[in-house]
Amino acid sequence: MDLQTRIPISNGTSIPCVGFGTWKTPNEEAAKSVAEALRVGYRHIDTATAYGNEAGVGKAIAESGIAREEIFLTSKLWNPHQGYESTLEAFDRSLEKLQTDYLDLYLIHWPHDRKYFDNWEEKNIETWRAFEKLYQEGKIKAIGVSNFRPRHLENIVSHCDIAPMVDQIEIHPGMPQDDMIAYCREHNMVVEGWSPMATGRIFSVPEAKEIAAKYDKTVAQVVLRWHVQRGVIPLPKSVTPSRIAENSRIFDFELSEEDMRTISALEGCGWSNLDPDNLIY
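As a starting point, this report considers the structure included with it. Owing to the predicted nature of the structure, the values given are computational and were not obtained by experimental measurement.

What counts as what
- Residues numbered from 1 in each chain as written.
- Predicted model: local features only at pLDDT ≥ 70, side-chain atom pairs only at ≥ 80, totals over all residues.
- Heavy atoms only, no water.
- Helix = DSSP H or I, 4+ residues; strand = E, 2+ residues; numbered from the N terminus.
- Buried < 20%, exposed > 50% of the residue type's maximum accessible area, 1.4 Å probe, protein only.
- Polar contact = N/O pair within 3.5 Å; in protein donor to acceptor, adjacent residues only side chain to side chain.
- 1 Å grid on protein atoms, 1.4 Å probe; cavity = no way out; pocket = protein on both sides within 12 Å on 5 of 7 lines; lining within 4 Å.
- Points joined across faces, edges and corners; volume = space filled by probe spheres on them.
- Nonpolar A, V, L, I, M, F, W, Y, C, P; charged D, E, K, R; others polar.
- Core = buried A, V, L, I, M, F, W, Y, C linked by side-chain atoms within 4.5 Å.
- Contact = heavy atoms within 4.5 Å.

1. A closer look at the environment of Glu137
Positionally, Glu137 belongs in the loop between helix H4 (120-136) and strand E7 (143-146). Given a relative accessible area of 39%, Glu137 falls into the partly exposed group. Here Lys133 takes part through its side chain, which lies 2.7 Å from a polar atom of the side chain of Glu137.

2. As for empty space enclosed by the protein
One pass over the full model with this rule turns up one cavity of 30 Å³ or more. Considering only enclosed or pocket space, the largest cavity measures out at about 30 Å³ in volume. Looking at the lining of the largest cavity, the elements with two or more residues in it are helix H7 (206-214) and helix H8 (219-229). It is H8 that contributes the most residues to the lining of the largest cavity, three residues altogether. Looking at the lining of the largest cavity, its residues break down into seven nonpolar, no polar and no charged.

3. Focus: the layout of surface pockets
In this structure, the largest pocket encloses a volume near 600 Å³. For the largest pocket, the lining is made up of 31 residues, of which Met197, Thr199, Gly200, Pro236 and Lys237 are closest to its centre. Within the residue set of the lining of the largest pocket, elements represented by two or more residues are H8 and helix H9 (241-246). Taken together, the residues that form the lining of the largest pocket break down as 14 nonpolar, 12 polar and five charged. The volume enclosed by the second largest pocket comes to roughly 180 Å³. In terms of lining, the second largest pocket is formed by 13 residues, of which the most central are Arg149, Ile169, Met175, Gln177 and Pro276. Looking at the lining of the second largest pocket residue by residue, the classes come out as nine nonpolar, two polar and two charged.

4. Notes on the nonpolar core
Of all hydrophobic cores here, the largest spans 79 residues; its most connected members are Ile202 and Leu255. Looking at which element gives the most residues to this core, the answer is H8, with seven residues. Those residues in contact with Ile202, other than ones at most four positions away along the chain, are Pro173, Met197, Ala208, Val219, Val223, Leu266 and Cys269. In this structure, Ala48, Trp110, Trp194 and Leu274 belong to the second largest nonpolar core, which totals eight residues.

Structure representation (structure tokens):
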């Protein structure tokens, strides 16, 4: 197993088991960090319209010398663009910035935000119809959602022809999301974990440091290994070359069941405070 080992998606495609995240990474830094990630061996790159760095990500991929089909590229639809026609238009803008003619995965970034619309159920269904169209046209290899809870997913599933294939949610020690992961697996959805390091707070948790020392690994490596052993695709981000490389070296050890449980139960890791029903963007 390595960075390029793939996990099957329900439609017969597959996704690399670790992704490279770009949240809160400005365009120029995104171009540099994605270029370094690709050089190290990452082949799964995650971005979003809301991140404001699709152009930088696209530049790095275009200049990498790596064949486009070897790279699994994800972007996400931003909430104010939800709706049928507006989704199609937003998708085209993303393709242009990313310098590609298709995406490997496209996600609805958030299910609900009262700042943009009250009728979230209707908007999600309209948006998903556009996703299905793009998928059927071959412009997206897989379609899914981000930050959706069961009730949000059920709203789509009860009206769709093609069910969501992926749910990308906040997962990290202290927020293991066991119930949500179980729900997704029951519905044949791959789970991706954003903010796998709890926005950095995990590094100050004593128990995490102790477990890392036990395996002669860094806290980051142990936490990413915890994700992988749970069958979750983590999306670590960094703009530091040494850390980008460090985060890739997680396949030469295995955590014990006891340590897996300890990491899942860690406290003091916090969460992002981003709630799909009460966004603070």
